[in-house]
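# Notes for the structure review
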Amino acid sequence: MNFGRLVDRLTKKDWTDDEVERMVGPATEGYLTYANDETVRSEAASGGTTSALMIHALDKGLIDGAIVCRTFIEDGKVRARFKIARTADEVLAARGSKYVETAFLKEVLPLLRANEGRFAVCGLPCDIMNLRRWEEKEATLSDRIAYRIAFLCGHNSRKELIDGVTGKLSAETGGAKLTDFRFRTGRWRGKLTARFDNGETLQKPFSYFSDYRNLHFFSERKCMACSDHFGYYADLSIGDVWLYNLRNDPIKHSGVLTRNEAADALMQSAIESGTITAKTVGRRYILDGQTRIAPTHYNVTARAKAGRLLGVKLNDTVKMPAPFFKFASAFLGLWNMKVSEGRHADRVFQVPRPIIKGYLYFKKGLESLR
């Protein structure tokens, strides 16, 4: 047995059927996948499966376009907008994770209303849930949506987080202006890449950004009331699989949950055409790949209880046990969120990195207990 498999065995949790059903939601199948085309995977955050599926759907005439989120640089700052991708190149231009707040409904609804055809729509679980609600109000919206794709999501961050991180990077270049940025590419945790107008390119471990994010500094408030990690309202839910036995694999993988016949048909078509490689693993395996963060995200009860002490009112939608270590983790997350909403929020970035890292390990330790 290699080290990765040993780690996975030691940290594996024995989920009850009720836990799987509640946290993951109904799914027809779970897959471990990656895009077969290396150029599709090259700048993807995971296995390139989402891009490969959308390109396949375009090639087969199953969709007329895909509504995707693209980052751009506005006055030296990273921002995100939703666009319609109608070609493979336009799909590939949107590769990679985006960890910055967006205006999903404000941008996506006008795109659907103004454009004829059938589209794949990509978004976070809360985005897809809100889209479903609008479909109930406007029947024509459903007619224009072929696939709803949700990305597994622990929470999203306010723009102040990325501004603070890129500000630190700019300082390393002597104050040069940001011209291009990618949150995460490469194997396992990956690296972030920033390019500046003086010609310099900086690469850092993704943790240079994600350590603050995982501690809930600059978290969007709405995320604290959310229990949907896996995209219950989507046709396909796609995200990372954090299992140590995959850590040294030369190809990074994506986990996919299919939730209806249309999603299953798309997956089978992509597999049979050689667009993706996929292994059937079931939804329990996908949960194993999110074994620490998924239960923490789902446990709104712990955050609701902690919120009472911090003046943050949250509606407990899950009504589940919240032992002390879950409560303590929730308290720290809410505390960090509130600190980063205050007038001295920028001081977060003045804390030495080793202290931030140690703080994160402590919080992750609380989240891992059961």
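Residues numbered from 1 in each chain as written. Predicted model: local features only at pLDDT ≥ 70, side-chain atom pairs only at ≥ 80, totals over all residues. Heavy atoms only, no water.

### Overview of the overall build of the chain
Scanning the chain from terminus to terminus reveals 16 helices and 11 strands. Scaling as 2.2 N^0.38, a compact globule of 370 residues should have a C-alpha radius of gyration of about 21 Å, and the chain matches this with 20 Å. Referenced to the eigenvectors of the C-alpha coordinate spread, the extents of the chain come out at roughly 55 × 50 × 50 Å. Out of the 370 residues belonging to the chain, those deemed buried represent 54%. For the chain, the proportion of contacts with a sequence separation of at least 24, taken over those separated by at least 6, is 73%. Accessible surface for the chain amounts to roughly 16,800 Å². Of this, 52% is attributable to carbon and sulfur atoms. Distance between charge centres in the chain, computed from 58 positive and 44 negative side chains, equals 6 Å. (Helix = DSSP H or I, 4+ residues; strand = E, 2+ residues; numbered from the N terminus. Rg over C-alpha atoms; globule rule 2.2 N^0.38 Å. Buried < 20%, exposed > 50% of the residue type's maximum accessible area, 1.4 Å probe, protein only. Contact = heavy atoms within 4.5 Å. Areas by Shrake-Rupley, 256 points an atom, 1.4 Å probe, with all protein chains shown as cover. Lys, Arg positive; Asp, Glu negative; His and termini not counted. Charge placed at Lys NZ, Arg CZ, Asp CG, Glu CD.)

### With respect to helix α11 (residues 261-272)
In a regular helix each residue adds 1.5 Å, so 12 residues correspond to 16 Å; α11 covers 16 Å between its end C-alpha atoms and thus fits that length. Listing the buried residues of α11 in full gives Ala263, Asp264, Leu266, Met267 and Ala270. One face of α11 carries all of its buried residues, which in axial projection span an arc of 160 degrees. Exposed and facing more than 90 degrees away from the buried side of α11 are Glu261 and Glu272. Residues of α11 that are buried in the fold lie against β1 (29-35), α4 (49-59), β5 (145-151), β9 (236-239), β10 (254-258) and β11 (276-280). With a side-chain oxygen positioned 3.3 Å from the backbone nitrogen of Ala262, the residue opening α11 is Asn260. Following α11 by one or two positions, Gly274 adopts a phi angle in the positive range, close to 85 degrees. (Expected span 1.5 Å × (residues − 1). Arc of directions from axis to C-beta. Polar contact = N/O pair within 3.5 Å; in protein donor to acceptor, adjacent residues only side chain to side chain.)

### Structural notes on the packing of helix α10 (residues 207-214) against helix α16 (residues 353-368)
Contact pair α10 / α16: the axes reach a minimum separation of 10 Å and the direction vectors enclose 50 degrees. Judged by the angle between their axes, α10 and α16 are oblique. Between α10 and α16 lies a crossing of left-handed hand. Touching Ser207, Tyr208, Asp211, Tyr212 and Asn214 of α10 are Arg353, Ile356, Lys357, Leu360, Lys363 and Lys364, all from α16. (Axes fitted to C-alpha atoms, helices over the stretch in contact; angles between N-to-C directions. Parallel < 35°, antiparallel > 145°, perpendicular 65-115°, else oblique. Left-handed = near helix turned anticlockwise from the far one by under 90°.)

### Looking at the side chain of Glu367
Positionally, Glu367 belongs in helix α16. In this structure Glu367 touches Lys13, Arg292, Thr296, Lys326 and Ser329, once residues within four positions along its chain are discounted.

### Here we look at the sheet that holds strand β7 (residues 191-196)
Here we have three strands laid out as an open sheet, ordered β6-β7-β8, and antiparallel in their pairing. At either end of the open sheet lies a strand with only one pairing partner, and these are β6 (178-185) and β8 (201-205). Each strand axis lies, on average, 15 degrees off the axis of its neighbour in the sheet, ignoring direction. Sheet analysis places β6 next to β7, joined by five bridges and oriented antiparallel. Bridge pairing links Phe181 to Ala194 in β7. Where helix α9 (residues 159-172) meets the sheet, it contacts β6, β7 and β8, and its direction lies at approximately 115 degrees from that of β6. The strands touched by α10 are β6, β7 and β8; relative to β8, the strand with the most contacts, the crossing angle is about 50 degrees. (Pairing = 2+ DSSP bridges.)

### A closer look at the pairing of β9
Residues Leu236 and Ile238 of β9 are buried on one face, and the alternating residues Ser237 and Gly239, pointing to the opposite face, are buried as well. As defined by bridge partners, β5 adjoins β9 across three bridges and the pair is classed as parallel. Across the sheet, the residue bridging to Ala150 is Ser237, located in β9.

### Considerations on the pairing of β1
Look at any regular strand and the pattern is simple: side chains alternate between the two faces of the sheet. Burial analysis of β1 places six of its seven residues in the buried class, the great majority of the element. As paired strands, β1 and β10 are joined by five bridges and run antiparallel to one another. Paired with Thr33 across the bridge in β10 is Ser254.

### Considering the pattern of salt bridges
Applying the stated criterion to the full structure yields 22 salt bridges. As a salt-bridge pair, Glu135 and Arg148 come within 2.8 Å of each other at their nearest N and O atoms. Here Glu135, found in helix α7 (residues 125-137), pairs with Arg148, found in strand β5; they are 13 residues apart in sequence, far enough to count as distant. For the salt bridge of Arg148 with Asp235, the shortest nitrogen-to-oxygen distance reads 2.9 Å. Residue Arg148 is found in strand β5, and its partner Asp235 is found in the loop between α10 and β9; the two are separated by 87 residues along the sequence. Accessibility assignment for this pair places Arg148 and Asp235 in one class, buried. The structure contains a network of salt bridges with shared partners spanning Arg132, Glu135, Arg148 and Asp235. (Salt bridge = Lys/Arg side-chain N within 4 Å of Asp/Glu carboxyl O.)

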